[in-house]
Amino acid sequence: MSFLPFVSVIVPIYNGEADLPPLLACLQAQTYANFECLLVDNNSNDRTAELLNEIEDPRLRSLKQSEIQSSYAARNLGIQNAKGEILAFTDADCRPEPNWLEDLIQPFCDPAVGLVAGEIKALPGNTLLEQYADRQETLSQKHTLNHPFCAYGQTANLAIRAAAFKEVGLFRPYLTTGGDADICWRILRETAWQLRFAETAIVRHRHRTTFSELQSQWRRYGRSNRYLHDLHGIDLMREPQFGEYRYRLLRWILKEFPIATLNLIKGKATFVDLINTPIGLFCLHARAQGQRQATLSPQAHTIEPLIQQPQNSLN
C-alpha cells in the first residue's frame, strides 16, 4: 500500500476502566502502522487515569480534559495535540477490527475527500434488547449517511482531514449530543470537501442491555433532534399522539403477536419477533420525550478555531 499518511486516532474517555484494556488491544493490533493514538480522559473518577499512566506503547499518548465535561471538548483537545494529516475518531466502548485504520484511510487517496465514515456493527450479545437492536441495525452508519437533511458519520467511526478543521473550526465543546452531525454538516455545507463511506472499516459496539440504558439512548437521540433543529433548522420529529400508540399496541396484541407466536412454534420466527412492536414504541416514546424536554444552552453555539497546542500529557 503506497498511500501511508500519518493518522491520529482520538478517543474521548469517561470512566473507561473496564473498556480500556480491550480497546488498547484492538488499537495495538491494527494492520496500519503509521499512526498515533490520543486517549483523552474527560475527568473520570474511576481508575482511568491510573491505567493511562501505565501505558508504555510510544504510539499511545494520554491527555486530560477536566475543564469541560463533554466528549466533544475531549475530542477537541485531542485534535489540538494531534500530529496526523488525518484524524480518526472512535469511542472507548468500541472495538475496532484489525483492518479498521487501513480501510478507513483509503478513500482519502482522492484529494477531494475530507471525511470518511466507517461502519459500526454490534458486539455479540445475548439479551432480547441486544437482539432487537441488532435486527434494526440501530448503530449502522447507513442511517446517518441517508439523513434527509445532509449525510453525516457518527464519531464512533469517523475520519476527518485536519485541514477541514482549519476551515470550519472544532467540535462545539459545550454540545452534549449531535456534535458528529454538526461537524459533518459544517464541513460539507461550508467547504468543498466530500464524504465517503468505507463499509469494510468496521468498529464493534455494544448494544444496550437494559430498558433504562435503552431509554437513555433514545432520549439522547431526541435531544440531538432538538439541538440540530436549533443549530441547523432541520425538521423536528413528529410526536405520535396517544391514539397512535393505542392503535399500534392493539394491532400488536390482536394480530402481530398471534402471528409471530405461530411462526415461532413453526421455527420461522424468534422471540424478538414477538416483542418487536412494543420495544419500537418504547424507543419512539423516549425519543419524543428527549426532543420535547431538550433546551439548547447558549454556550452550545460556541465554535473554537483549531490552534495547535503543546503536548499536555498525563505521563
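Quick caveat: nothing in here was measured; it's all calculated off a predicted structure. (Residues numbered from 1 in each chain as written. Predicted model: local features only at pLDDT ≥ 70, side-chain atom pairs only at ≥ 80, totals over all residues. Heavy atoms only, no water.)

So, the sheet that holds strand S8 (residues 194-205)
Working step 1: Sheet architecture is open: 8 strands sit in the order S3-S2-S1-S4-S7-S6-S8-S5, paired in mixed fashion. Of all strands in the sheet, those with a lone pairing partner are strand S3 (60-64) and strand S5 (94-96), marking the two edges. Across the sheet, the axes of successive neighbouring strands diverge by a mean angle of 30°, strand direction being ignored. (Pairing = 2+ DSSP bridges. Helix = DSSP H or I, 4+ residues; strand = E, 2+ residues; numbered from the N terminus. Axes fitted to C-alpha atoms, helices over the stretch in contact; angles between N-to-C directions.)

What to know about helix H3 (residues 71-81)
Working step 1: Within H3, 10 of the 11 residues are buried, which leaves it mostly tucked inside the rest of the structure.
Working step 2: Of all the positions in H3, only Tyr 72, Ala 73, Ala 74, Arg 75, Asn 76, Leu 77, Gly 78, Ile 79, Gln 80 and Asn 81 are classed as buried.
Working step 3: For H3, the elements touching its buried residues are strand S1 (7-13), strand S2 (35-41), S3, strand S4 (86-89), helix H7 (162-168) and helix H8 (179-190).
Working step 4: Backbone nitrogen of Tyr 72 and a side-chain oxygen of the N-cap are separated by 3.1 Å at the start of H3; the cap is Ser 70. (Buried < 20%, exposed > 50% of the residue type's maximum accessible area, 1.4 Å probe, protein only. Contact = heavy atoms within 4.5 Å. Polar contact = N/O pair within 3.5 Å; in protein donor to acceptor, adjacent residues only side chain to side chain.)

Points about the side chain of Asn 225
Working step 1: With respect to the helices and strands, the residue Asn 225 is situated in helix H9 (residues 211-232).
Working step 2: Within the local environment of Asn 225, its side chain forms a polar contact with the side chain of Gln 291, the two groups lying 3.5 Å apart.
Working step 3: Apart from the residues lying within four places of it in its own chain, the contact partners of Asn 225 are Ile 234, Leu 236, Met 237, Arg 287 and Gln 291.

Remarks on the state of the cysteines
Working step 1: Per the counting criterion, the structure on display carries 0 disulfides.
Working step 2: The thiol of Cys 94 is unpaired, and the distance to the nearest cysteine sulfur, on Cys 26, comes to 9.8 Å. (Disulfide = S-S within 2.5 Å.)

Description of H8
Working step 1: Relative to the 16 Å expected for 12 residues at 1.5 Å per residue, H8 spans 16 Å between its end C-alpha atoms, a close match to the ideal helical length.
Working step 2: Counting buried positions along H8 yields 9 of 12 residues, so the element is predominantly enclosed.
Working step 3: As for H8, its buried residues are in contact with H3, strand S6 (113-122), strand S7 (158-161), H7 and H9. (Expected span 1.5 Å × (residues − 1).)

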